[in-house]
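Observations on chain architecture
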Amino acid sequence: MSDGPVGLRSSFDKDGVCHDHDFVATAYPSTQVLSQTWDEKLCYEYGKILADEWIERNIDVVLGPGVNIKRNPLCGRNFEYYSEDPLVAGTLSYNVIKGIGDKHILTSLKHFCCNNTEYSRIWTSSEVDERTMREIYLKPFEIAIKANPTTIMCSYNLVNGVRMSENKALYDIAKNDFGFKGYILSDWEAVKDATASINAGLSLIMPFEAKHLENLKEGAKSGRLDMNKLDEAVNNILNVLYKNEDDKKLRKVESDQEKRSSFARKIAEEGIVLVKNEGALPLKKNEKILLTGDPANRYYYGGGSSNVYVGDKYINLEDSFSNLGFDATYFESVCESFGSIAHMENLKNVYHKAYEHDTLIIAVGQNHNLVFENSDRKDMSLTKDEISVIESLAKANKKMILLVYAGAPIDLAEIEIYFDAILLVGYPGEKGNEAIANILTGKVNPSGRLTETYGLELSDYPSEHTYRDESVICYSEGLNVGYRYFSSFGIPTLYPFGYGLSYSKFEYSNCQIDVKNEKVLVKFELENTSDVDGKNVVQIYVGEITKSVYRPLRELKKFDKVFLKAHEKKTLTYELDSKEFAFFSANDHKWTLNKGLYNIEINENAEEVIFSKIIEIK
């Protein structure tokens, strides 16, 4: 087994010998960037190409993907997760698992479940009502399990007072309701009572610790250990081991390092989000460009078990521009930041150089020393030093472009006014700066869309106002996670869920929404009215009007990424069936469909409605 949310992290060589260092592997963009592609086919191909390195290194299991919901923007592992929306998280991870599985490599879907913070993650209980659990936090697992992951990894936390390594009720939902056929293993050192865990349905305790063996021996001796459950655990593991031996014979490497690096760049090109462009982009060949800010010159990534050793494959932004024939020069200002502390270099020199250049590109962000497993961020702020650089360079009255290298939302509300263009680049991987240069120069048309809401400030997020102490975290906001909250309560955002700009212009026309044969058909024409080939993300939302229980204003029910050549028009049709309109009844403990009126929306993003129609479900 090896960690694998963003590439292979392993200290084992091809012969299974453990070394005191990790080996170089392809460092793909973070899962957050992958999700912002909104591209199911790309995610499937990512799964396939990811598996090749596991095959080469004779490793059997990818410990991933992680589908935990981004409930709180401060969570230290949000860069490893897909979205605040369960449909996006479940659908894209389904395709990654399918791609890995089709290469006969095994997967471990994680972290099951309600592990949405790194704050005291081993000891706090996530207090979640049944309906919220089913509709928000279990839904991505339900969708992803249809791709047949080999294992599910239980999380560290407790849920409603029961430790997840011992949570039989939730294990039974995965097996009986979602059809999970593999075995459940623990996250590393998540088990506190081996006997209780095996009795609940856990099959594999990771890693081996003598205390767990002694606990099981004592449980067997005293009768506390259910021997049938022990047999079941052993059989579950043996079945996977036997399957793995058969799978090994079918494994075949179909990519080399060059192809993997190119694919890493492609993910970044598709997942980087352009959120502002006031005529500044794409850049012209004759522009003289000044680059500054630590992330433009240093590899930025999220910390923890997902680290991938990039070796010497990283290319900085200056060289990436140079390789495209652009005149770009890097000068140090903020050269490294540690949380709220930054190391400032010769800002006066950078300020002087600004007058000699046409365009200023400023890179800011948060590195692995601030965003990492085991801890949450304290706030969403940039350092005062970074803000000082921005305010100083703004005086030069030049075109200014901001690049944000970060694994989660950053507070940009006060500084975004200084910039003519802004790109949210995330952690873009080993070829990320090449992708950024390609987008900035127009070689690549940006098509990424946000899969989480960028609020104006931290206090706008409902998770910030719920109860938390040393023992429990109350999910009292219920269904109002992410855009469901911001849309339903009319809370302004900086950048809404689903938002992103392009160098193309798209227009919707002849929109039709009708009920036929117990399905809702959504049909329209989508046209690229510009001279630039591009991709647009179709988003279809549903809201119940004649509701019997609380429903958010709108919930995403279909999405699709569509490529259109310049001036090309396509007719697109999407079906919504009964499951898209159902809610989980806390009274009946099942999904329930109300007959009545529903609002169907074709949207540009979670706040911008293109066309809507009220239909009746009879």
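Below: a short report on this structure. Because the structure is predicted, anything quoted here is derived from the model rather than measured.

1. What to know about the layout of surface pockets
If you add up the space inside the largest pocket, you get close to 650 Å³. If you go around the largest pocket, you meet 22 residues; those closest to its centre are Leu87, Lys139, Ile143, Lys579 and Glu580. Among the elements of the structure, helix H3 (86–101), helix H5 (139–145) and strand E23 (555–564) are those that each provide at least two residues to the lining of the largest pocket. The class makeup of the residues in the lining of the largest pocket is eight nonpolar, two polar and 12 charged. Size it by volume and the second largest pocket reaches roughly 410 Å³.

2. Description of H3
Taking 1.5 Å per residue as the helical rise, H3 with its 16 residues ought to reach 22 Å, and the 22 Å between its terminal C-alpha atoms agrees with that figure. With respect to burial, H3 is a largely interior element, 13 of its 16 residues being buried. Two or three places before leucine 87, at the opening of H3, aspartate 85 has a side-chain oxygen 3.0 Å from that residue's backbone nitrogen.

3. Quick word on the environment of serine 471
Position of serine 471 relative to the elements: it lies in the loop between strand E17 (454–455) and strand E18 (472–474). When the C-alpha atoms of serine 471 and proline 65 are compared, they prove to be 28 Å apart, with 406 residues separating the residues in sequence. Excluding residues within four positions of it along the chain, serine 471 makes contact with Trp123, Thr124 and Ser125.

4. Observations concerning the environment of serine 488
With respect to the element layout, serine 488 can be found in helix H15 (residues 483–488). Judged by its relative accessible area of 27%, serine 488 falls in the partly exposed class. Each C-alpha atom, one on serine 488 and one on cysteine 511, is 24 Å from the other, the two residues being 23 residues apart in sequence. Once residues lying within four places of it in the same chain are set aside, the contact partners of serine 488 are Asn480, Tyr483, Tyr550, Pro552 and Leu553.

5. What to know about the environment of alanine 190
Relative to the assigned elements, alanine 190 resides in the loop between strand E8 (183–186) and helix H7 (194–200). Spatially, the C-alpha atoms of alanine 190 and glutamate 568 are 53 Å apart, while their sequence positions differ by 378 residues.

6. Here's the deal with the sheet that holds strand E3 (residues 106–112)
Spatially, the five strands line up as an open sheet ordered E1-E2-E3-E5-E8, and their pairing is parallel. The outermost strands of the open sheet, each flanked by one partner alone, are strand E1 (2–3) and E8. Relative to strand E2 (residues 61–63), E1 runs parallel, the two sharing two bridges. Bridge assignment links serine 2 to a residue of E2, and that residue is valine 62.

7. Re the packing of aromatic side chains
In the structure shown here, the tally under the stated rule is 22 aromatic pairs. Here tyrosine 28 and tyrosine 46 contribute two aromatic rings whose centre-to-centre distance is 5.2 Å and whose plane-to-plane angle is 80°, an arrangement assigned as edge-to-face. With a gap of 18 residues between them, tyrosine 28 in the loop between E1 and helix H1 (31–35) and tyrosine 46 in helix H2 (residues 40–56) connect regions that are remote in the sequence. Tyrosine 46 matches tyrosine 28 in its accessibility class, with the two residues each being buried. Aromatic rings pair up to connect Trp38, Tyr483, Phe497, Tyr541 and Phe559 into one cluster.

8. So, unusual backbone geometry
With omega at 5°, the peptide bond leading from glycine 64 into proline 65 counts as cis. Structurally, proline 65 can be placed in the loop between E2 and H3. Residue histidine 111 is reached from lysine 110 by a cis peptide bond, and omega for that bond is -10°. In this structure, asparagine 510 takes a positive phi of about 50° despite not being glycine. For asparagine 510, the location among the structural elements is in strand E20 (residues 506–516). Look at asparagine 517: it is not a glycine, yet its phi comes out positive at around 50°. Taking the relative accessible area as the measure of exposure, asparagine 517 reaches 76% and is therefore exposed.

9. Some points on empty space enclosed by the protein
Overall, the coordinates contain nine cavities of 30 Å³ or more when judged by the stated rule. Here the largest cavity defines a volume of roughly 120 Å³. The wall of the largest cavity is formed by 14 residues, among which Val6, Tyr28, Tyr299, Tyr301 and Gly302 lie closest to the centre. For the lining of the largest cavity, the class distribution of residues is nine nonpolar, five polar and no charged.

Conventions used here
- Residues numbered from 1 in each chain as written.
- Predicted model: local features only at pLDDT ≥ 70, side-chain atom pairs only at ≥ 80, totals over all residues.
- Heavy atoms only, no water.
- 1 Å grid on protein atoms, 1.4 Å probe; cavity = no way out; pocket = protein on both sides within 12 Å on 5 of 7 lines; lining within 4 Å.
- Points joined across faces, edges and corners; volume = space filled by probe spheres on them.
- Helix = DSSP H or I, 4+ residues; strand = E, 2+ residues; numbered from the N terminus.
- Nonpolar A, V, L, I, M, F, W, Y, C, P; charged D, E, K, R; others polar.
- Expected span 1.5 Å × (residues − 1).
- Buried < 20%, exposed > 50% of the residue type's maximum accessible area, 1.4 Å probe, protein only.
- Polar contact = N/O pair within 3.5 Å; in protein donor to acceptor, adjacent residues only side chain to side chain.
- Contact = heavy atoms within 4.5 Å.
- Pairing = 2+ DSSP bridges.
- Phe/Tyr/Trp six-rings, centres within 6.5 Å; stacked < 30°, edge-to-face > 60°.

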